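Observations on chain architecture
Spelled out from the first residue to the last, the chains are:
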Amino acid sequence: MPKVPSPPTSADLPFPDASLLPASYEAGLQELERLVGELESGQLPLDQLLGSYQRGAALLSFCRERLKAVEDQIKVLDAGALKAWTAE
């Protein structure tokens, strides 16, 4: 009896599942920058474009949420108001 191939896992796919989040903001940003470069190059095969775009959108959302969380924490520490940055 011939062996039936198993369905591909996320490790078999060219890009990780969009629902898998990076370990950190920095890792997410690095992956997002790599994806943007690949998308801008115009060299991705058509079947990878949509997956890359979806992954990029998920990474962008993740990075924005992380930045917002840090901004909210800073507001709490600064009594509700962000202060202008001044170089001393």
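Calculation rules
Residues numbered from 1 in each chain as written. Predicted model: local features only at pLDDT ≥ 70, side-chain atom pairs only at ≥ 80, totals over all residues. Heavy atoms only, no water. Helix = DSSP H or I, 4+ residues; strand = E, 2+ residues; numbered from the N terminus. Buried < 20%, exposed > 50% of the residue type's maximum accessible area, 1.4 Å probe, protein only. Contact = heavy atoms within 4.5 Å. Areas by Shrake-Rupley, 256 points an atom, 1.4 Å probe, with all protein chains shown as cover. Axes fitted to C-alpha atoms, helices over the stretch in contact; angles between N-to-C directions. Left-handed = near helix turned anticlockwise from the far one by under 90°. Nonpolar A, V, L, I, M, F, W, Y, C, P; charged D, E, K, R; others polar. Expected span 1.5 Å × (residues − 1). Salt bridge = Lys/Arg side-chain N within 4 Å of Asp/Glu carboxyl O. Polar contact = N/O pair within 3.5 Å; in protein donor to acceptor, adjacent residues only side chain to side chain. pLDDT = per-residue confidence, 0-100.

Thoughts on the overall build of the protein
On a plain count of helices and strands, the protein comes out with 2 helices and 0 strands. Within the protein, buried positions represent 15% of all 88 residues. Of the contacts formed within the protein by residues at least 6 apart in sequence, a portion of 61% connects residues at least 24 apart. When the accessible surface of the protein is summed, it comes to about 7200 Å², and 61% of that surface belongs to carbon and sulfur atoms.

Some points on the packing of helix H1 (residues 25-41) against helix H2 (residues 46-77)
Packing of H1 against H2 brings their axes to within 9 Å, and their N-to-C directions diverge by 145 degrees. Judged by the sense of rotation from one axis to the other, the crossing of H1 with H2 is left-handed. Residues Tyr25, Gly28, Leu29, Glu31, Leu32, Leu35 and Leu39 of H1 touch H2, and the partners they reach there are Leu49, Ser52, Tyr53, Arg55, Gly56, Leu59, Leu60, Phe62, Cys63, Arg66 and Leu67. Its residues placed into classes, the contact of H1 with H2 shows 12 nonpolar, 3 polar and 3 charged.

Details of H2
Over its 32 residues, H2 extends 47 Å from the first C-alpha to the last, a length consistent with the 46 Å expected when each residue adds 1.5 Å. Here H2 has its buried residues at Ser52, Arg55, Gly56, Leu59, Phe62 and Cys63. On its buried side, H2 packs onto H1. After H2 finishes, the residue Ala79 shows a positive phi value of roughly 55 degrees.

Examining the pattern of salt bridges
Following the criterion strictly, the structure yields 4 salt bridges and no others. As a salt-bridge pair, Arg55 and Glu31 come within 2.8 Å of each other at their nearest N and O atoms. With Arg55 in helix H2 and Glu31 in helix H1, this pair connects stretches of sequence that are 24 residues apart. Ionic pairing is found between Asp72 and Lys68, a salt bridge with its closest N-O pair at 2.9 Å. In this pair, Asp72 and Lys68 both sit in helix H2, 4 residues apart, roughly one turn of the helix.

Brief notes about the side chain of Arg55
A residue is classified by how much of its surface remains accessible, and Arg55, at 3% relative accessible area, is buried. Within the structure, Arg55 has its side chain in polar contact with the backbone oxygen of Leu20 (distance 2.4 Å).

Let's talk about the confidence of the model for the protein
Low pLDDT marks stretches whose predicted atomic positions should not be read closely. Across the protein, the average pLDDT comes to 79, with 70% of residues at or above 70. Predicted confidence is poor over residues 5-13, with pLDDT under 50, and the contacts of this stretch with residues over four places away or in other chains come to 2 contacts.

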